[in-house]
Amino acid sequence: MKRILALLLAAVLLFSLASCSQKKSDHPNKNAYTLSESAKEGSVVDGVMTDISGADPILEKTTAPWLDKCVLYEVNIRQFTEEGTFKAFEEHLDRLKAMGVNTLWLMPIHPISEKERKGTLGSYYAVSDYKDVNPEFGTMDDFKHLLNKAHDMGFKVILDWVANHTGWDNKWITEHEDWYVHDKNGEIEYPYDWSDVAQLDYENYEMRAEMIKCMQYWVEDIGVDGFRCDHAIGVPAPFWNAAVYKLKSINSDLLMLAESSAAQSLTTYAFDSCYNDALYGQAVMTKGGVATTTVKNGMEVNSNFAEGSFPMNYLDNHDKNSYEESAVERFKDTYQTLLTLCFISPGMPLLYTTDEQEYDHAIEFFEKDTVKWKDDPEYAPLITALSKIKQDNAALDSTNRDISFIDADNVNAFAFSRSSGDNTVIYISNLYYDPLENVTINFDFDKATCVLHNDGERRNA
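A brief report on the enclosed structure follows. (Residues numbered from 1 in each chain as written. Predicted model: local features only at pLDDT ≥ 70, side-chain atom pairs only at ≥ 80, totals over all residues. Heavy atoms only, no water.)

## A few points about the packing of aromatic side chains
For step 1, the next point in the chain: A complete count under the given rule lists 30 aromatic pairs for this structure.
For step 2, the next point in the chain: Look at Tyr 125 and Phe 365: their rings are 6.3 Å apart centre to centre, the planes differ by 10 degrees, and that puts the pair in the stacked class. Linking Tyr 125 in the loop between strand 6 (103–106) and helix 4 (140–152) with Phe 365 in the loop between strand 14 (348–352) and helix 13 (380–392), this pair joins segments that are 240 residues apart in sequence.
For step 3, the next point in the chain: Tyr 125 sits in the buried class, given a relative accessible area of 6%.
For step 4, the next point in the chain: Judged by centre distance (5.7 Å) and plane angle (40 degrees), the ring pair of Tyr 323 and Phe 365 falls under tilted. Placement of the pair is Tyr 323 in helix 10 (residues 318–323) and Phe 365 in the loop between strand 14 and helix 13, with a sequence separation of 42 residues.
For step 5, the next point in the chain: Counting every residue linked through ring pairs, the aromatic cluster contains Phe 86, Phe 137, Phe 143, Tyr 217 and Trp 218.
For step 6, the next point in the chain: The lysine or arginine in question, Arg 95, covers the ring of Trp 373, its NZ or CZ lying 4.5 Å from the ring centre.
For step 7, the next point in the chain: The ring of Tyr 33 is capped by Lys 246, whose NZ or CZ atom sits 4.2 Å from the centre of that ring. (Phe/Tyr/Trp six-rings, centres within 6.5 Å; stacked < 30°, edge-to-face > 60°. Helix = DSSP H or I, 4+ residues; strand = E, 2+ residues; numbered from the N terminus. Buried < 20%, exposed > 50% of the residue type's maximum accessible area, 1.4 Å probe, protein only. Lys NZ or Arg CZ within 6 Å of the ring centre and 35° of its normal.)

## Some words on helix 13
For step 1, the next point in the chain: Compared with the 18 Å implied by 1.5 Å per residue over 13 residues, the 18 Å span of helix 13 between its first and last C-alpha is a close match.
For step 2, the next point in the chain: Considered for burial, the residues of helix 13 that qualify are Ala 380, Leu 382, Ile 383, Ala 385, Leu 386, Ser 387, Ile 389 and Lys 390. (Expected span 1.5 Å × (residues − 1).)

## Some thoughts on the sheet that holds strand 10 (residues 226–230)
Sheet strands line up and pair through hydrogen bonds in the backbone, either parallel or antiparallel.
For step 1, the next point in the chain: Strand order around the closed barrel formed by eight strands is 5-6-7-10-11-12-13-14, with parallel pairing between neighbours. Geometrically, the sheet is characterised by an average inter-axis angle of 30 degrees between neighbouring strands, direction not taken into account.
For step 2, the next point in the chain: Against the sheet, helix 6 (residues 205–222) engages strand 7 (156–162), strand 10 and strand 11 (255–261), with an angle of about 160 degrees to strand 7. (Pairing = 2+ DSSP bridges. Axes fitted to C-alpha atoms, helices over the stretch in contact; angles between N-to-C directions. Contact = heavy atoms within 4.5 Å.)

## So, helix 12 (residues 335–344)
For step 1, the next point in the chain: The element helix 12 is extensively covered by neighbouring structure, given that ten of its ten residues are classed as buried.
For step 2, the next point in the chain: When helix 12 is considered as a whole, its buried residues turn out to be Tyr 335, Gln 336, Thr 337, Leu 338, Leu 339, Thr 340, Leu 341, Cys 342, Phe 343 and Ile 344.

## What about the layout of surface pockets?
For step 1, the next point in the chain: Estimated volume of the second largest pocket: approximately 330 Å³.
For step 2, the next point in the chain: Tallying contributions element by element places helix 10 first for the lining of the second largest pocket, with three residues.
For step 3, the next point in the chain: Split by residue class, the lining of the second largest pocket holds six nonpolar, four polar and five charged. (1 Å grid on protein atoms, 1.4 Å probe; cavity = no way out; pocket = protein on both sides within 12 Å on 5 of 7 lines; lining within 4 Å. Points joined across faces, edges and corners; volume = space filled by probe spheres on them. Nonpolar A, V, L, I, M, F, W, Y, C, P; charged D, E, K, R; others polar.)

## A word on the packing of helix 4 against helix 6
For step 1, the next point in the chain: Interaxial distance between helix 4 and helix 6 falls to 12 Å at its minimum, and their mutual angle equals 60 degrees. As far as their axial angle goes, helix 6 and helix 4 are oblique. Crossing of helix 4 over helix 6 shows right-handed handedness. Residue-level inspection shows Met 140, Phe 143, Lys 144 and Leu 147 of helix 4 in contact with helix 6, the latter providing Tyr 217, Trp 218 and Ile 222.
For step 2, the next point in the chain: Of the residues in the contact of helix 4 with helix 6, the class split is six nonpolar, no polar and one charged. (Parallel < 35°, antiparallel > 145°, perpendicular 65-115°, else oblique. Left-handed = near helix turned anticlockwise from the far one by under 90°.)

## Brief notes about the environment of Ile 77
For step 1, the next point in the chain: Mapped onto the fold, Ile 77 is located in helix 1 (residues 77–80).
For step 2, the next point in the chain: Exposure remark for Ile 77: the relative accessible area of 2% places this residue in the buried category.
For step 3, the next point in the chain: Taking the C-alpha atoms as reference points, Ile 77 and Tyr 379, separated by 302 residues in sequence, lie 21 Å from one another.
For step 4, the next point in the chain: If sequence neighbours within four positions are ignored, Ile 77 has contacts with Gly 84, Thr 85, Phe 86, Phe 89, Leu 106 and Phe 137.

Honestly, that's just the spatial picture; any functional story needs more than this.
What follows is the structure, given as structure tokens:
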């Protein structure tokens with residue numbers, strides 16, 4: 001059938017011949033930690049494997065069933081409230097739950113090194129102790145209370161994990177200086193221009209084992225639901241394989257997210273998801289009215305995502321926000337259209353602190369910069385509708401790679417469908433600044449129901 005679309009900015013149509021149902025999983029919990037016969041000499045420390053090749057036969061890729069419905073929200077505890085504490089953040093859980101958010105990614109909660117600190121408060125990513133919490137945020141009991149409350153409300157909670165480097169105050173430097181990379185003069189090096197951190201040496205298996213034990217502590221003793229791993233590509237993939245193998249022997253239903261563009265070496269086993277940097281790059285270009293054919297390149301799950309893994313689609317995160325601009329400043333009039341694209345494209349969507357409101361301020365990274373929250377964030381209704389569409393439709397499951405692009409007679413009109421069984425979701429949008437008139441898009445469906453329509457001012461769901 002043919003449809004004529006006028007003044008179209010963004011619309012999502014749902015076609016369903018049968019009620020959708022969640023996928024069932026037969027992923028078993030591993031009850032035993034098994035050492036591989038192919039382990040490298042010296043790589044097994046205190047019974048823990050620290051180096052596992054992606055081709056090792058002991059590895060079996062599993063994906064937690066709950067990831068299919070994941071709506072991820074990155075929490076900047078320091079800036080979220082005036083107090084900047086775990087306890088104060090708890091007051092926002094009801095609001096986030098009402099928006100459909102079901103997974104919280106907490107930026108690093110560990111103590112921050114004072115030595116070589118940048119700014120007044122320092123970088124969250126200069127960790128001085130992997131097994132403690134930043135007193136700026138509260139106590140360990142405060143964190144456990146937040147975690148338990150979030151779990152009781154149905155949230156999953158993942159921690160930001162910094163495995164590539166430590167802060168200069170970390171006791172590892174004084175107790176195990178050989179765990180770090182040294183320059184030709186015997187001085188510990190720092191990576192890139194990150195002078196507030198010290199580069200760990202992944203040729204050292206004892207350090208690897210201790211890093212795995214620290215991650216194990218947060219899963220086994222504290223009960224977190226996974227990790228977002230900072231600068232994951234800077235750490236050898238065989239280490240990540242070993243770490244996740246150990247962690248999944250404790251809890252197979254973890255989310256492992258790599259801060260990296262898609263990489264086969266990372267997603268073959270260890271990671272469920274990587275950043276969809278390709279889609280982000282095309283989204284940034286789209287605000288200038290680029291032809292829609294380029295956006296397709298960032299939406300197809302290419303060979304760099306191993307089976308069972310999927311992209312994390314985003315318009316914003318702490319790096320983009322603090323060092324470039326806020327999301328609404330970067331994307332302007334295309335923000336709502338592209339935010340919708342992040343929910344409907346293959347993969348899972350990410351929201352960052354303030355993405356639910358029109359906040360034209362980049363959040364400081366090393367200083368206190370409390371978010372000024374509005375009583376009724378402008379984009380919360382849209383996010384609520386998109387979260388429901390994501391979670392109610394098997395076609396939008398994170399692991400579902402199905403996508404079919406639909407032809408239109410205008411290059412700025414963009415349409416595609418995604419299906420799973422009898423469930424199909426269609427996305428249509430205008431990715432250009434100016435309104436489009438008399439656009440023809442060809443569908444192969446006899447019947448469709450509009451579940452969300454947004455023209456930039458009015459939104460019906």
